[in-house]
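So you can see what is in the structure, the chains are spelled out below.
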Amino acid sequence: MGREREVAQKQQQSATSFTVEQLVAVNPYNPDILPDLENYVNEQVSSQTYSLDANLCLLRLYQFEPERMSTQIVARILVKALMAMPAPDFSLCLFLIPERVQMEEQFKTLIVLSHYLETARFRQFWDEAAKSRHLVEVVPGFEQAVQAYAIHVLSLTYQKVPRSILAEAINIEGLSLDKFLEHQVVNCGWILEKGQARGQLIVLPRNEFNHPELKKNSADSIPLEHITRIFPILG
Amino acid sequence: MAASYDYDDTAGYSQTAESLSYDPNVVPDSVKSFAVHLYRHIREKNVYEIHQMYETSFQTLSERMFKDTPWPSVDAVAKFVDNDHVFCLLYREMWFRHLYARLSPTLKQRIDSWDNYCSLFQVVLHGVVNMQLPNQWLWDMVDEFVYQFQSFCQYRAKMKNKTEQEIATLRQFDQAWNVYGVLNFLQALVEKSMIIQILEQEKEGLEQFTSTDGYDYDGGSNVLKVLGYFSMVGLLRVHCLLGDYHTGLKCLLPIDISQQGVYTIVIGSHITTIYHYGFANLMLRRYVEAIREFNKILLYIYKIKQYHQKSPQYEQILKKNEQMYALLAICLSLCPQVKLVDETVHSQLREKYGEKMLRMQRYDDEAFALYDELFSYACPKFITPSAPSYEEPLVNYNQDAYRLQLKLFLYEVKQQQLLSGVRTFLNVYSTISLGKLATYMEVDEPTLRTILMAYKHKTHAVDSDGKTISNADIDFYIDDDMVHVVESKPAKRYGDYFLRQIVKLEGVMNDMDRIKLD
């Protein structure tokens, strides 16, 4: 699947990561690459990169040989998968993790966190996350990733969102929020508006989901590939 | 779908009573003649005759003479076919398939069958096979291979009633039907056949595969190529059985399922492909994609069903047909895009599930019970691929994998609980204030905002390229505290239709030109 979402937040693909990716591509059903994949999970954590394919490959090997499973690594994979929202990666991982493992306290917590994100209950999410710092804080970039997801959902939903709603969703308030907004105005095309009764309104960038008129009529477009099939006839 | 068997619960250890009269060394004349002819047709690469014997004669003989007993043993038959190694492997493959379909394989037989597949695939992978076999047969091989793997996992997971001897055998032959072995064989067939590259090159007109239905008309063999091709479908299925939907779809990627292809030539392969493709998309929340493909194949089955009534696959076709209606009912309950469904399919669906689907909209306990029921009926037979721990008290774990997938699916359903309520109101308003909508839905405003955002999130899936795609039947946006409703219009694909007609017309014109020349 073209979705190699190695979110290269730091654009430095080290030599080793390249090799692991290749290992997964060339030899996905090889029990010997398990230690490499585990190291690679830790590397993704420290370098703020992400490879769903490599992590699923590791979970698959755990599934085949449960006695080799490291729950610490599984927990990290799950936190990383949460950070990949709105993609369904968290479920994809859970599908591969035996139920008795999911019963462990740390996984139960992560499942609850995922539930809040899936149902867009950001207030509850941030409360719960604050209680489980030990779990999520070991993975750098966690907060920012969830904020990005929250903004994604807000942008699907709102043309103009009240400041308080935004604050709750991304868990930033007061001066920090002013700063954040300033940054978004400059870099992401956000516009601040004076609301009628309840303070500031934020105009989110237009997209086809909050401005349906922008939706391209996909019916009119045919992929070139399909056209090429009738070239011999046309010619 | 080599035969109709979905219940391996009967898989006992002992041979049935009929076998008392069964002598594996007796070869009736009809079997001798069957083997001799089949062997000759294979040597002469007469695909048509091979296909006839494989599809018809084998079934007829099985029905007439081997209803409750296995076919004669390969050792007894070998002398009629020059002891040909490859033919014997093929004969045994059919022998085991027949056994699995009509009797209960013993543990020993399961292991022997695994060994036979190993030898057969080794020959194909490394040897020089220059046969030309019918696509149906090659599909059945891959299909049966995966089926027997799944059946073995189910069998092994029922530890409670295993005898000591069985356990000892399981431990001794721990490589038999090992999940790594199974996956690596399929993967090796895909790689060695270069099928992915062949399909790529075909797009550029450098190679022929689909246009010759996978056959090789230049004296070569189609066996490795086509086995490799079907192995991609095999991998999709194995990964679905393991709950790894993302990887499963990835394995299928080289096959463009928006087009006809070799996978559509064999009905069993066509149905297996779309069933698993649709199921994986359902689990990935890409409901529109699942609905589209289920709709297409159900319409297709509706039209061609009558021509398969006498086929050994008929029962299996009907079963998968019913299961896919159940899956379609689930998809449409979660994502009511009825416009995507053809009128014929829709009326069938209404007949089968109309009343249940109404109740599924309600999201109470009864509705959950229905989701549970339909999912359990229609899902693949999930497996736990790992070997049991033989030390601990022996427990059955054959239901574990299924229970996990069911639980996670129902969890998803639960998360979407409030969405159908929103839908009802969005259906009747073009604009409505948040306050008013909250009152109607009997929730407070902050809760309503989360419900609306959840609606957006759940109706917008991420596709294989990481792009956001809308599955929403009814969409909306919020401007401050006003909800504006937008109905999504179905996209008619005229382009595709015209393309197909152009190709068709060209075909007709070519045919007419040919007539003139004669």
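Residues numbered from 1 in each chain as written. Chains lettered and ligands numbered in written order. Predicted model: local features only at pLDDT ≥ 70, side-chain atom pairs only at ≥ 80, totals over all residues.

For chain B, an unreviewed UniProt entry supplies the name Eukaryotic translation initiation factor 3 subunit L and the organism Camellia lanceoleosa.

Under an unreviewed UniProt entry, the name given to chain A is Eukaryotic translation initiation factor 3 subunit K, and the organism recorded is Camellia lanceoleosa.

Overview of the overall build of chain B
Helices and strands together make up the secondary structure of chain B, namely 22 helices and 5 strands. Taking 518 residues into account, the globule formula puts the C-alpha radius of gyration at 24 Å, and chain B, at 26 Å, falls close to it. Seen along its three principal axes, the alpha-carbon backbone of chain B occupies a region of about 85 × 75 × 40 Å. Taking all 518 residues of chain B together, the buried fraction comes to 42%. Restricting the contact set of chain B to residue pairs at least 6 apart, pairs at least 24 apart contribute 74%. (Helix = DSSP H or I, 4+ residues; strand = E, 2+ residues; numbered from the N terminus. Rg over C-alpha atoms; globule rule 2.2 N^0.38 Å. Buried ≥ 20, exposed ≤ 12 C-beta atoms within 10 Å, placed from the backbone. Contact = placed C-beta atoms within 7 Å.)

Observations regarding the overall build of chain A
Of the regular secondary structure elements, chain A holds 14 helices and 3 strands. Among the 235 residues that make up chain A, the fraction classed as buried is 37%. Considering only residue pairs separated by 6 or more positions, chain A has 60% of its internal contacts joining residues 24 or more positions apart.

A closer look at the environment of Asn210(A)
Relative to the helices and strands, Asn210(A) resides in the loop between strand 3 (200–203) and helix 13 (224–228). Under the C-beta neighbour-count criterion, Asn210(A) is labelled buried, with 24 such atoms within 10 Å. Residues Asn210(A) and Ser155(A) lie 55 residues apart in sequence; the distance between their C-alpha atoms is 6.7 Å. Filtering out sequence-adjacent residues up to four positions away, Asn210(A) remains in contact with Ser155(A), Leu156(A), Thr157(A), Tyr158(A), Gln159(A), Leu204(A) and Tyr477(B).

Examining the sheet that holds strand 4 (residues 474–479) of chain B
Spatially, the 6 strands line up as an open sheet ordered 2(A)-3(A)-1(A)-4(B)-5(B)-1(B), and their pairing is mixed. Bordering the open sheet on either side are strand 2 (191–194) of chain A together with strand 1 (431–433) of chain B, each of which pairs with just one other strand. Sheet twist, expressed as the mean angle between neighbouring strand axes with direction ignored, is 30°. In this structure, strand 2 of chain A lies alongside strand 3 of chain A, joined through 4 bridges in antiparallel fashion. What sits directly across from Glu193(A), in strand 3 of chain A, is Leu201(A). Taken strand by strand, helix 20 (residues 434–441) of chain B contacts strand 1 and strand 5 (482–487) of chain B, and its axis lies near 80° from that of strand 1 of chain B. (Pairing = 2+ DSSP bridges. Axes fitted to C-alpha atoms, helices over the stretch in contact; angles between N-to-C directions.)

Focus on the interface of chain A and chain B
Listed per partner, the contact involves 46 residues of chain A and 52 residues of chain B. Put simply, the parts of the chain that give the side of chain A that touches chain B at least two residues each are helix 3 (52–64), helix 5 (89–94), helix 7 (105–118), helix 10 (142–157) and strand 1 (158–162) of chain A. For the side of chain A that touches chain B, the per-class residue count stands at 26 nonpolar, 12 polar and 8 charged. The pairing of strand 1 of chain A with strand 4 of chain B spans 2 bridges and is classified as parallel. Bridge pairing in strand 4 of chain B links Lys160(A) to Asp479(B). (Nonpolar A, V, L, I, M, F, W, Y, C, P; charged D, E, K, R; others polar.)

Thoughts on the packing of helix 10 (residues 223–242) of chain B against helix 11 (residues 245–252) of chain B
Residue and element names in this part refer to chain B. Their axes nearest at 8 Å, the elements helix 10 and helix 11 cross at an angle of 175°. Between helix 10 and helix 11, the angle falls in the class roughly antiparallel. Across the interface between the two elements, Met232, Val233, Leu235, Leu236, His239 and Cys240 from helix 10 touch Tyr245, Thr247, Gly248, Cys251 and Leu252 from helix 11. (Parallel < 35°, antiparallel > 145°, perpendicular 65-115°, else oblique.)

Some points on the domain arrangement of chain B
Residue and element names in this part refer to chain B. Split into domains, chain B comes out as domain 1 (104–413) and domain 2 (418–487). For domain 1 and domain 2, the distance between their C-alpha centroids amounts to 36 Å. Each partner contributes to the interface: domain 1 provides 9 residues, whereas domain 2 provides 5 residues. Class assignment of the residues belonging to the side of domain 1 that touches domain 2 gives a composition of 5 nonpolar, 2 polar and 2 charged. (Domains from an automatic or database assignment.)

Overview of the confidence of the model for chain A
For chain A, per-residue confidence averages 84 on the pLDDT scale, and 88% of positions sit at 70 or higher. Helix 5 of chain A holds the highest mean pLDDT among the elements of chain A, 95, whereas helix 1 (residues 15–26) of chain A holds the lowest, 70. (pLDDT = per-residue confidence, 0-100.)

Notes on the environment of Asp216(B)
All names here are of chain B. For Asp216, the location among the structural elements is in the loop between helix 9 (195–203) and helix 10. With 17 C-beta atoms counted inside 10 Å, the residue Asp216 sits in the partly exposed group. Considering only alpha carbons, one finds Asp216 and Gln132, 84 residues apart in sequence, at a separation of 7.7 Å. Residues in contact with Asp216, not counting those within four places in the same chain, are Gln132, Ser221 and Asn222.

So, the environment of Ala84(A)
Residue and element names in this part refer to chain A. Mapping Ala84 onto the fold places it in the loop between helix 4 (71–83) and helix 5. Given 22 C-beta atoms within 10 Å, Ala84 falls into the buried group. Sequence-wise, Ala84 and Ala145 are 61 residues apart; in three dimensions their C-alpha atoms are separated by 7.4 Å.

Describing the confidence of the model for chain B
Residues and elements named next belong to chain B. In this model, chain B carries a mean pLDDT of 86, and residues with pLDDT of at least 70 account for 94%. Below a pLDDT of 50 lies the segment residues 1–19, which in the model reaches 35 contacts outside its immediate sequence neighbourhood of four places, other chains included. Our summary of model confidence lists the complex with pTM equal to 0.87 and ipTM equal to 0.85.

A closer look at helix 13 (residues 267–283) of chain B
Compared with an ideal rise of 1.5 Å per residue, which puts 17 residues at 24 Å, helix 13 of chain B spans 24 Å between its outermost C-alpha atoms and is within 8% of the ideal. At the exit of helix 13 of chain B stands Arg285(B), carrying a positive phi of roughly 70°. (Expected span 1.5 Å × (residues − 1).)

Digging into unusual backbone geometry
With an omega of 10°, the peptide bond running from Met85(A) to Pro86(A) counts as cis. Positive phi, normally seen in glycine, also occurs at Lys45(B), with a value near 55°. Here Lys45(B) shows up in the loop between helix 1 (29–43) and helix 2 (47–65). Given 17 C-beta atoms within a 10 Å radius, Lys45(B) is considered partly exposed. You will see that Met194(B), though not glycine, has its phi angle at about 60°, which is positive. With respect to the helices, strands and loops of the structure, Met194(B) is situated in the loop between helix 8 (179–193) and helix 9. A tally of 15 C-beta atoms within 10 Å means that Met194(B) is categorised as partly exposed.

Re helix 8 (residues 122–131) of chain A
Every α-helix carries 3.6 residues per turn, so stepping three or four residues along brings you back to the same face. Residue and element names in this part refer to chain A. By the burial criterion, the buried members of helix 8 are Phe122, Phe125 and Ala129. The arc that holds the buried residues of helix 8, viewed along the axis, is 55°, so those residues lie on one side. Turned more than 90 degrees from where helix 8 packs its buried face, Asp127, Ala130 and Lys131 sit exposed. At its buried positions, helix 8 is contacted by helix 7, helix 9 (133–136), helix 10 and helix 11 (163–170). (Arc of directions from axis to C-beta.)

Brief notes about the nonpolar core
Counting 200 residues, the largest nonpolar core has Leu328(B) and Cys331(B) as the members making the most contacts within it. Not counting residues up to four positions away in its chain, the partners in contact with Cys331(B) are Leu282(B), Tyr287(B), Ala290(B), Ile291(B) and Phe294(B). (Core = buried A, V, L, I, M, F, W, Y, C linked by C-beta atoms within 7 Å.)

What about the pairing of strand 4 of chain B?
Sheet faces and side chains relate simply in a regular strand, where the side chains alternate between the two faces. All names here are of chain B. The sheet contact formed by strand 4 and strand 5 spans 6 bridges and is antiparallel. Within strand 5, the residue paired with Ile478 across the bridge is Val483. The antiparallel hairpin formed by strand 4 and strand 5 contains 2 residues in its connecting segment, where Asp480 sits at a positive phi of about 55°.

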